[in-house]
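Fold and contact review
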Amino acid sequence: MDHSSPLFALDQVTVQRGRALLLDDVTCEIPQGAITAVVGPSGAGKSTLLRLLNRLGEPTGGTVRFHAEPLPALDVLTLRRRVGHVTQQSILLTDDVLADLRVGAPDLDPEQAATLMKQVNLPADILSRKTANLSGGEAQRVCLARALAVGPEALLLDEPTSALDPASAEVVETTVRELVAGGLTVILVSHNAAQARRLADHAVVLQAGRLVATGPPDQLDYLQEDS
Amino acid sequence: MNPTVPTWVGVGASVILVAFAVVVSHWHRLHLARDITIAAVRAGIQLVAVGAILLLVFEHTGLLGATGWVAIMVIIAGRVAARRAPGLPHTLAIATAAVAVGTAATLGSLLALGVIDAEARVVIPVGGMVVSGAMLATALILTRLREEVTSARPAIEARLALGLPAREAFTPYLRGALRTALIPAIDSTKTVGLISLPGAMTGLILAGVAPLTAIRYQIVVMYMLLAAAALAGLTAAHLAERVLFDDAHRLRSLAA
C-alpha cells in the first residue's frame, strides 16, 4: 500500500443544512495507516465531517476523495465496507454478541469471531453473552469488532471513549493503537485535546465549521491547551 | 324475509335518547350538551344525505357509479391515513396508493370469483368495509414507520454503515411495523362473534336473514378485511421504504 498518498482528501467541502453552515470550505488530507484526530469544540462540525467519509452524509459543495477517487464515483456499499464507522453510543443490533458481529459479515465463523475478540481485547467467551449484559466498555469494543468483521481498511470513530469510564477508555485507546499498528487507518473524532495528543499522528482542528489547523498534534497550538 | 325497520316516527322517538344524554351531561356539568346535540344533528343529516345519494346511485348509475363512490372513499381514506404520519415524505400519495391497492385487489378478487354480485347495492357497502380496513392498516403502518425511523435512526444508520443496502438495513424495523399494523385485523378475526356480533352479520340478522346464512357473509367479510389490511399495509410499507432512503442508501431526515 502506498502510504505517501492520502486516504481521504477533502477539497473546499461545504455542508449546509437550512441556513446553518455546518462545514465551511474545508480543505484537508487524511493520511493512510495512521491515526487522525478530528478535534474541536461541540458544534464545530466534527461528526458532520466524519459522516461524509462513508457517505452517511453528503457535502453541499466541494469534493471528498478516497484513494484519489471522488466518493460519488465509487459504489457506496463497497465504500462503507472499506470504511467502517463506530459511534459514540454503543449501538448493539441483536441480542447475542456473535449475532451482532454477523450483521455485516453473515459468514463469520466462530474462529474468526474469536480472533476479532482478541483484536479488541475481549475474552472469547463474551461471544456467547447477551448484548444486554455487556458493560459500556465491552459494548463499545463489540461495536468495534463488528465494524472490523467486515474487513475495512479504515475506521471512523466518533468520540469512541467519551461515554466510557477512564479505565475502559484506556483499553479502547490501546485497542485503537494496536489496530493501526496492524495496518488500519483510524479517523477519530474527539473534543478532547489531551486524547488527540496522546493518540493521534495527525490532527485536523475545526472551529464553527471552518478548518483552523492541521498537522502533527504536538505542533498545533490549539492542542496544547488542556481540555 | 320480513325486515323490521323503524318508521320515521320511530326515528323521531329515538331523539328522546339524545335528550337523555344531554340531560345527563347537564346534570353532571360535563359541558357536553352542545357537542352531543351537534353530533346527533350531524349524524342525522349525514345519514339522510348518504341514504339519498345511495338511492340515486343504486337506481340510476349502476356499477359505474358504485366504482366512482368507492374511488371517492379511497381518496378520503388516503387523506385520513396520511394525516397520521406527518413528516414522512410523500405520505398522501403513499397512503392513497396503499388504500387503493388493498381495496382494488380485495374487491376485485371478490367480484372476479363471483363471491359478491357486481351490483351497486353490494359493491358500495362491501367496498366501504374494505376501504376502512385498508385505511386502518395504512394509518397504523405509517404511524409505526414514522416512530421506527425516528427512534431507530442510530441503529438503522449503524446497519447502513456496515455496508448493508437500505432495504436490508430497514427490514427488521419494517417487519416490526407491519406486525403491529396487522395485529388489529388478526385480533378482530380471531374474536369475531365472541365479543360482539359484527356489523355485516348484525345488519343481515336485523333484516330477517337466518343466522346461518348471515354468517356466510360475515366469514367473507372477515377474510376480505384481513386481505385488505395485509395488502394495504404491505404496499404502504414498501412505498414508504422507497422514499425513506435516497440513492446512496442514506436514511433521509424527516420534517418535524
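Residues numbered from 1 in each chain as written. Chains lettered and ligands numbered in written order. Predicted model: local features only at pLDDT ≥ 70, side-chain atom pairs only at ≥ 80, totals over all residues.

**Here we look at the overall build of chain B**
Going by this rule: Strands are runs of DSSP state E lasting at least two residues, helices are runs of H or I lasting at least four, and both sets are numbered from the N terminus onward. Partly exposed residues are those whose C-beta has more than 12 but fewer than 20 other C-beta atoms within 10 Å; 20 or more makes a residue buried and 12 or fewer makes it exposed, with C-beta atoms placed from the backbone. Once C-beta atoms are placed from the backbone, any two residues with those atoms within 7 Å are in contact.
On a plain count of helices and strands, chain B comes out with nine helices and zero strands. Starting at the N terminus, the α and β elements of chain B follow one another as α-α-α-α-α-α-α-α-α. Seen along its three principal axes, the alpha-carbon backbone of chain B occupies a region of about 70 × 55 × 35 Å. Counting the 256 residues in chain B, one finds 34% classified as buried. Contacts in chain B between residues far apart in sequence, at least 24 positions, make up 74% of those at least 6 positions apart.

**Observations regarding the overall build of chain A**
Here is the rule we go by: Radius of gyration: over C-alpha atoms. The globule rule applied is 2.2 Å multiplied by the number of residues raised to the 0.38 power.
Within chain A one finds seven helices and ten strands. Computed over its C-alpha atoms, the radius of gyration of chain A comes to 17 Å, within 12% of the 17 Å expected for a compact globule of 227 residues. Dimensions of chain A along its principal axes, counting C-alpha atoms only, are 45 × 40 × 40 Å. Residues counted as buried form 46% of the 227 residues belonging to chain A. Considering only residue pairs separated by 6 or more positions, chain A has 70% of its internal contacts joining residues 24 or more positions apart.

**Description of the sheet that holds strand β10 (residues 210-215) of chain A**
Residues and elements named next belong to chain A. Test applied: Two strands are said to pair when DSSP picks up at least two bridges between them. As a rule, the C-alpha atoms of each element are fitted with a line to give its axis, helices using only the stretch in contact, and angles between N-to-C directions run from 0 to 180 degrees.
Taken together, six strands build an open sheet; the order of strands is β6-β7-β8-β3-β9-β10 and the sheet is mixed. Edge positions in the sheet fall to β6 (83-86) and β10, since each has one partner strand and no second. Each adjacent strand pair in this sheet contributes to an overall mean axis angle of 15°, direction not counted. Here strand β9 (residues 202-207) runs beside β10; their pairing, made up of five bridges, is antiparallel. Bridge assignment links A203 to a residue of β10, and that residue is G215. Against the sheet, helix α1 (residues 46-53) makes contact with β3 (35-39), β6, β7 (154-158), β8 (185-190) and β9, and its axis sits at roughly 155° relative to β8, the strand it touches most.

**Observations regarding helix α2 (residues 15-27) of chain B**
All names here are of chain B. Rules: Any helix carries an expected span of 1.5 Å times its number of residues minus one.
Taking 1.5 Å of rise per residue, the 13 residues of α2 would be expected to cover 18 Å, and the 18 Å separating its terminal C-alpha atoms lies within 8% of that figure. Buried residues are scarce in α2, accounting for zero of its 13 residues. Of the residues one or two after α2, R29 is the one with positive phi, at around 50°.

**A few points about the interface of chain B and chain A**
Our working definition: Only Asp, Glu, Lys and Arg are considered charged, only Ala, Val, Leu, Ile, Met, Phe, Trp, Tyr, Cys and Pro nonpolar, and every remaining residue, Gly among them, polar.
Taken together, the 14 residues of chain B in the interface contact 16 residues of chain A. For the side of chain B that touches chain A, the class distribution of residues is nine nonpolar, two polar and three charged.

**Some words on unusual backbone geometry**
Residues and elements named next belong to chain A. Within the chain, Q12 stands out as a residue other than glycine whose phi angle is a positive 50°. Tracing the backbone shows Q12 in strand β1 (residues 8-17). Despite not being glycine, R55 shows a phi value in the positive range, around 60°. Looking at where R55 falls in the secondary structure, it is placed in the loop between α1 and β4 (61-66).

**Regarding helix α3 (residues 33-83) of chain B**
Residue and element names in this part refer to chain B. Formally: Bend angle per residue: angle between axes fitted to the 7 residues ending at that residue and the 7 residues starting there.
Given a rise of 1.5 Å per residue, 51 residues ought to cover 75 Å, yet the end C-alpha atoms of α3 are separated by just 29 Å, more than 12% below that figure. For α3, the principal kink sits at T61 and spans about 135°. Buried within α3 are the following residues: V57, A66, V70, M73, V74, A77, G78, A81 and A82. Considering only its buried residues, α3 is in contact with α4 (91-112) and α5 (120-151).

**Quick look at the packing of α4 of chain B against helix α9 (residues 211-244) of chain B**
Residues and elements named next belong to chain B. Let me state the cut-off plainly: A crossing counts as left-handed when the near helix is turned anticlockwise from the far one by less than a right angle, and as right-handed when that turn is clockwise.
It is at 8 Å that the axes of α4 and α9 come closest, and there the two elements cross at 145°. Note that α4 runs across α9; the crossing there is right-handed. Here I94, A95, A97, A98, V99, V101, G102, T103, A105, T106 and L110 of α4 lie close against α9, whose contacting residues are M224, A227, A228, L231, A232, T235, A236, L239 and A240. For the contact of α4 with α9, a count of residues per class yields 16 nonpolar, four polar and no charged.

**Regarding the sheet that holds strand β5 (residues 69-70) of chain A**
Residues and elements named next belong to chain A. In spatial order, the strands read β2-β1-β4-β5; together these four strands make up an open sheet with antiparallel pairing. Here the strands that pair on one side only, and so sit at the sheet edges, are β2 (20-30) and β5. As paired elements, β1 and β2 share seven bridges and run antiparallel to each other. Looking at the pairing, A9 lines up with E29 of β2. Its contacts with the sheet put α1 on β1, β2 and β4, and the angle it makes with β2 is roughly 60°.

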